[in-house]
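Analysis of the macromolecular model
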Amino acid sequence: MKVNIKSLYDEVNRCVYCGFCEAVCPTINLGPHRGYGPRGRVNLIKDFIENKKITTEFLASVFSCLLCDACLIVCPAKIDTGRIVRDVRSIIRNEYKSSINEKITIRER
Amino acid sequence: MVQKNIEDFINEINGSIGKNKIITDDLILKLYSKEPSGLVGKISAVIFPENKDDISKILSSAYKYEVNIYPQGSSSSLSGNAVPLKDGVIVSFERMNRIKEVNTTDNIAIVEPGIRIDELNLFLEKSNYMFPIDPASQSVATIGGAINNGAGGLKGAKYGTMKDWVNGMEIALPDENGTRLFLGCMTVKCRKGYDLARLIIGSEGTLALVTEAVLRITPIPESIVTSLALFDNLDDLLDSFIEMKTSGIQPYIAEFMDNKTVEIASKGIDINFDANGNMLLLSIDTTKESSERMKKYLENLFKKHNANKIITSLNQQEAEELGLFKIRRNLFAAQVSMGYSLYGNGKKLQVFIEDIVVPPSKIKLAINKVREVSENYGLPVTIGGHIGDGNIHPSVVYDITDENMKNKVVSWYKDVMKIALDLNGSISAEHGIGLLKKDGLIMEMNHYNSLKEINIMKSIKSLFDPKGILNPGKVL
């Protein structure tokens, strides 16, 4: 199914930056920075939609998510980060093909 | 382009604390330059110290190269306290989050500044202890951030704010060596000349960086009776609260929401009762033997003041089963969703949360006045807060692209602060001054004919931070 970019953008744009999601995210304390948590992922995806720029840190953020949906339960704006991450992964794979795999480097602190 | 002094600073830090503690990727820098107030700044790097020596090295180099330092916990502050205004670097404490010692005989916990309040409490619960400062953001708010913002919370009526729960702390100064000092004492009682520990609390990262804190902890109460009461008439609610306070009962938690706020906050949550009217949520700590007596007292009090619904629990487990805290916990989410139902889904919204405080005896006047002013502006304002200590949070959600509405909100914000001052209150109880309340601080100093305080504060700032590199542009 083709991802609706407009609705994806509207959803990430709802983030009020409270950070409540970071308290329940299993990956944020393992990664080197905020991009390894839902608040970071949502805002990096927002940036990606606006600027179409793919960086190593962006890829690490999107591909380090465990899709556990813990963040959805505590998000005051009800942002479904797990589903958004799945959608963005499919966009990246479709548009940038398999070469992207080599660029994914998930780092520990 | 990165300024030369910042580039030299980053090179020196790379050598002294290690490359894996510094990030300069543009996209990641953006993530650290925002906060929930909606303000956005710009920086050249984020540095993640892992110990006290790292902090001293960072400050020493920052002093040498005159680089602005913005200390940051979890960026959950609401007054622009953690936003980098001018170029510089953020020092994030997220990797300094250890609990170093808990001593229940001495009633202290020694912690690093990056520990989140909830994480600390989870650990203390094993010993049946707690750290009682509980801002609504406690799941992410860090101890370092709470110290620097002078944070409070739901239990403020009984336990006060951070200034009452920090015995001592180690700080690092922005000087040649990043000199570290231990302020205050390990004990509650402490007469070490001027109380510099209390000076750091609420200083919003403008004087020094906190590297370690000696916190007071307290046993979790044996039993907590909680009553949720709904009133058609707001004055009845406020009268019942004032009667209780006057009779000598000090609530553990005393939260209030007006009827409009209750209506939006009770939507979409799983509760087994109709929530109509203005809500008072009251918890009193007791012993098991006196719980029934307190329950009856509260029910009689609320009945006398015409409550339309009263639900009371004898302990915390029962309170959770009855869902008594659900409406309060849903407040922030409800404010956000109210915004989308008002302005549509594609909009960029901002929730603006006021933070005034008045003496509890004046709370009735303050709430009625805020309601009147908000109605005059025609803004979608919700009113709730920690009624027990006189701290209320009138909040408005608005579309940040609508200039007309933005101007209205700024004007409303000033009028609300004026209401607090006219009732012998203050413009900020627990969120701090940051960027958003600098005008309010001057307004308050003028109101109390105390403008010279600003000069004294500026002198203190230059003693601690002679080059003005710590969180510049904030507070003063």
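Note that the coordinates shown come from a computational prediction; the quantities given were computed from them, not determined experimentally.

Details of the overall build of chain B
- When helices and strands are tallied, chain B shows 17 helices and 21 strands.
- Scaling as 2.2 N^0.38, a compact globule of 476 residues should have a C-alpha radius of gyration of about 23 Å, and chain B matches this with 23 Å.
- Here chain B holds 476 residues, and 52% of them are scored as buried.
- Residue pairs at least 24 apart in sequence account for 71% of intrachain contacts in chain B once pairs closer than 6 positions are excluded.

Describing the domain arrangement of chain B
Residue and element names in this part refer to chain B.
- Each domain of chain B was delimited in the assignment, giving domain 1 (4-94), domain 2 (99-219), domain 3 (223-329) and domain 4 (342-460).
- Across the contact, nine residues belong to domain 1 and ten residues belong to domain 4.
- Of the residues assigned to the side of domain 1 that touches domain 4, the class counts are three nonpolar, six polar and no charged.

A look at the confidence of the model for chain B
- With 100% of its residues at a pLDDT of at least 70, chain B reaches an overall mean of 93.
- This prediction of the complex comes with two scores: 0.94 for pTM and 0.95 for ipTM.

A short note on the interface of chain A and chain B
- With 23 residues of chain A at the interface, the matching set in chain B holds 27 residues.
- Only helix 2 (38-51) and helix 3 (56-63) of chain A provide two or more residues apiece to the side of chain A that touches chain B.
- Class assignment for the residues of the side of chain A that touches chain B results in ten nonpolar, seven polar and six charged.

Considerations on the nonpolar core
- Core analysis: the biggest nonpolar cluster contains 163 residues, and B:Val46, B:Ile147, B:Met169, B:Ile200, B:Leu215 and B:Met279 have the highest contact counts within it.
- Other than its neighbours up to four places away in sequence, B:Ile147 contacts B:Met162, B:Val166, B:Met169, B:Ile200, B:Ile201, B:Val210 and B:Ala213.

Some points on the environment of A:Phe58
- Within the secondary structure layout, A:Phe58 lies in helix 3.
- Remark: the alpha-carbon pair of A:Phe58 and A:Gly40, spanning 18 residues in sequence, is separated by 9.4 Å.
- When residues no more than four places from it in sequence are discounted, the contact partners of A:Phe58 are A:Leu44, A:Phe48 and B:Leu27.

Details of helix 4 (residues 117-125) of chain B
All names here are of chain B.
- Buried residues of helix 4: Ile117, Glu119, Leu120 and Leu124, and no others. What you see down the axis of helix 4 is that its buried residues fit within an arc of 165°, all on one side. Facing away from the buried side of helix 4 by over 90 degrees, the exposed positions are Leu122 and Glu125.

Cut-offs and rules
- Residues numbered from 1 in each chain as written.
- Chains lettered and ligands numbered in written order.
- Predicted model: local features only at pLDDT ≥ 70, side-chain atom pairs only at ≥ 80, totals over all residues.
- Helix = DSSP H or I, 4+ residues; strand = E, 2+ residues; numbered from the N terminus.
- Rg over C-alpha atoms; globule rule 2.2 N^0.38 Å.
- Buried ≥ 20, exposed ≤ 12 C-beta atoms within 10 Å, placed from the backbone.
- Contact = placed C-beta atoms within 7 Å.
- Domains from an automatic or database assignment.
- Nonpolar A, V, L, I, M, F, W, Y, C, P; charged D, E, K, R; others polar.
- pLDDT = per-residue confidence, 0-100.
- Core = buried A, V, L, I, M, F, W, Y, C linked by C-beta atoms within 7 Å.
- Arc of directions from axis to C-beta.

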